[in-house]
Each structure stands twice: as structure tokens, then as C-alpha cells.
Amino acid sequence: QVQLVESGGGLVQAGGSLRLSCATSGLTFTNYVMGWFRQAPGKEREFVTGYSRSRGSTYSIDSVKGRFFISRDNAKNTVYLQMNSLKPEDTAVYYCAAALGTSYIGSNLHDYRYWGQGTQVTVSS
């Protein structure tokens, strides 16, 4: 049984930082591209950033470039999202997701096979 469990969300003031974690189990972690998505109230779920293990590369949406950083610890089967200089518009439920493959970083929901339950991030102004 595959499980992705996010943690680390919470309430933070604008300009602050949070680090999200996503612990995975039941899958061969190194065979998956890992991504983070978010969904704000009343909006569609959107891709935020992803990490390609084989290329050692990341891809992020413009609005988070230079502020959000994805990393992964293959020994712990865990992916992280370090979020700095948070803004109120970053408020959303954040989801981690796993896409089978090691190189292509998809930005569409259907690119990803497994999903976590989400963790709430609220940024106050």
C-alpha cells in the first residue's frame, strides 16, 4: 500500500518560512519524480515544483522561483519543500505527489500517480 504523508504546515506571518515534509512508503522512491502542488480556496489545484532524480534538476512555477526549494532524501524516502519569504497568496493546501519515472517533471495532475492527503499552509498579512 502506497502512502504519502505530508507534515509541516501551519500558520505563519508574511515573510516567514516553513518546511514541508512528505514521507513515502510502499513505493520504490528512486523510481519516481516527486512534485508539490497546492490548492487555494475556490481555485484549481496547481503545480508548484518538482524534482527529477535522474537529472538532479528541479522545475518550479515562476511565482515561487527563488523562494521555494524542493529537495529529496532518498535514504529516508522523503521529499521536502522549503518555503521562504512567504506571501498571503501562498495560502493553500499543499500536496505532495509521485509520478512514475525518473526524468520528466510533469506539471499536470494526471502526470502523478500517488497523492498525499495535504497539509494546510496559511500566511497572514
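### Some thoughts on unusual backbone geometry
A positive phi angle is found at Asn77, which is not glycine, with a value near 55°. Tracing the backbone through its elements, the reader meets Asn77 in the loop between strand E7 (68-73) and strand E8 (78-83).

### What to know about the packing of aromatic side chains
Two numbers describe a pair of aromatic rings. These are the distance of the centres and the angle of the planes. In the structure shown here, the tally under the stated rule is 6 aromatic pairs. Each residue in the set Phe37, Phe47, Tyr59, Tyr112 and Trp115 is aromatic and connected to the rest through ring pairs, giving one cluster. The lysine or arginine in question, Arg19, covers the ring of Tyr80, its NZ or CZ lying 4.0 Å from the ring centre. Geometry around Phe29 places Arg72 over its ring, the cationic atom sitting 4.3 Å from the centre.

### Looking at the nonpolar core
Trp36, Phe68, Val79, Met83, Tyr94 and Tyr112 are the most contacted members of the largest nonpolar core, which has 33 residues in total. Only strand E3 (18-25), strand E4 (32-39), strand E5 (46-52), E7, E8, strand E9 (92-100) and strand E11 (119-124) provide two or more residues apiece to this core. The dominant element in this core, judged by the number of residues it contributes, is E9, at 6 residues. Residues in contact with Val79, not counting those within four places in the same chain, are Leu20, Ser21, Cys22, Phe29, Met34, Trp36, Ile70, Ser71, Arg72 and Cys96.

### Thoughts on the state of the cysteines
Here, disulfide denotes a covalent bond that connects the sulfur atoms of two cysteines. Per the counting criterion, the structure on display carries 1 disulfide. Sulfur-sulfur distance for the disulfide between Cys22 and Cys96 comes to 1.9 Å. The S-S bond linking Cys22 to Cys96 shows a torsion near 45°; that makes this disulfide right-handed. In this pair, Cys22 sits in strand E3 while Cys96 sits in strand E9, placing the two residues 74 residues apart along the sequence. Residue Cys22 shares its accessibility class with Cys96, and that shared class is buried.

Here is what the cut-offs are and how they apply
Residues numbered from 1 in each chain as written. Predicted model: local features only at pLDDT ≥ 70, side-chain atom pairs only at ≥ 80, totals over all residues. Heavy atoms only, no water. Helix = DSSP H or I, 4+ residues; strand = E, 2+ residues; numbered from the N terminus. Phe/Tyr/Trp six-rings, centres within 6.5 Å; stacked < 30°, edge-to-face > 60°. Lys NZ or Arg CZ within 6 Å of the ring centre and 35° of its normal. Core = buried A, V, L, I, M, F, W, Y, C linked by side-chain atoms within 4.5 Å. Buried < 20%, exposed > 50% of the residue type's maximum accessible area, 1.4 Å probe, protein only. Contact = heavy atoms within 4.5 Å. Disulfide = S-S within 2.5 Å.

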